[in-house]
Amino acid sequence: RCSRGTYIRAIARDLGQRLGCGAHLDNLVRLAVGRFTLDDALALEELALAAQHGYWTDLLFPPDFPLVHLPAAIVHDERAHDFRHGRAWRGPSARGGRHRVYGEGGSFLGVAEFDPTRGVWNPRLGFV
């Protein structure tokens, strides 16, 4: 496991320099990015076959899948309208940080962040 910005190839190079023998990577496989794992991946041939037979949409993850670690907020239709148009709105306070936002019918709208200094929710990422 490593954080964003970790350059594994550079670590191998630097290690080789310190050991005085040189080094490089022969193979590097990313096993996961967030909630997406290599086990979830499809070969291009599998995806092409699914597209050919019309079931490729069954293979998609829901758009909020990588965001389930964020708290959720459900907004009324008027607030959903504001969200879709990128307008901040006043609402109940919440701890700072980003929240998944859903409409009253359960549709995923995107991500908003509560600004406690102004007392408003700011849309950050929308799925229209």
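## Focus: the packing of aromatic side chains
Item 1. Overall, the coordinates contain 8 aromatic pairs when judged by the stated rule.
Item 2. Ring centres of Trp89 and Trp121 lie 6.4 Å apart, and the angle between their planes is 15°; this geometry places the pair in the stacked category. Taken together, the positions of Trp89 in strand β4 (residues 89-90) and Trp121 in strand β7 (residues 120-126) put the pair 32 residues apart, joining distant regions of the chain. In this structure, Trp89 and Trp121 share a single accessibility class: buried.
Item 3. Residues Tyr102 and Phe108 carry aromatic rings whose centres are separated by 5.4 Å and whose planes lie at 55° to one another, so their mutual orientation is tilted.
Item 4. Take Tyr102: its relative accessible area is 11%, and that puts it in the buried class.
Item 5. A network of ring pairs unites the aromatic residues Phe83, Trp89, Phe114 and Trp121 as a single cluster.
Item 6. Arg35 extends its terminal NZ or CZ atom over the ring of Phe65, reaching a point 4.0 Å from the ring centre.

## Here we look at a nonpolar patch on the surface
Item 1. Taken together, the side chains of Leu42, Leu44, Leu47, Leu49, Tyr55, Trp56, Leu59 and Leu60 define a hydrophobic patch exposed on the protein surface, amounting to about 750 Å² of accessible area.
Item 2. Tracing the backbone through its elements, the reader meets Leu49 in helix α2 (residues 44-52).
Item 3. On the basis of relative accessibility, which here comes to 40%, the residue Leu49 falls in the partly exposed class.

About the cut-offs
- Residues numbered from 1 in each chain as written.
- Predicted model: local features only at pLDDT ≥ 70, side-chain atom pairs only at ≥ 80, totals over all residues.
- Heavy atoms only, no water.
- Phe/Tyr/Trp six-rings, centres within 6.5 Å; stacked < 30°, edge-to-face > 60°.
- Helix = DSSP H or I, 4+ residues; strand = E, 2+ residues; numbered from the N terminus.
- Buried < 20%, exposed > 50% of the residue type's maximum accessible area, 1.4 Å probe, protein only.
- Lys NZ or Arg CZ within 6 Å of the ring centre and 35° of its normal.
- Patch = residues over 30% accessible without salt bridge, like charges linked within 9 Å, V, L, I, M, F, W, Y side chains within 5 Å.
- Areas by Shrake-Rupley, 256 points an atom, 1.4 Å probe, with all protein chains shown as cover.
- Salt bridge = Lys/Arg side-chain N within 4 Å of Asp/Glu carboxyl O.

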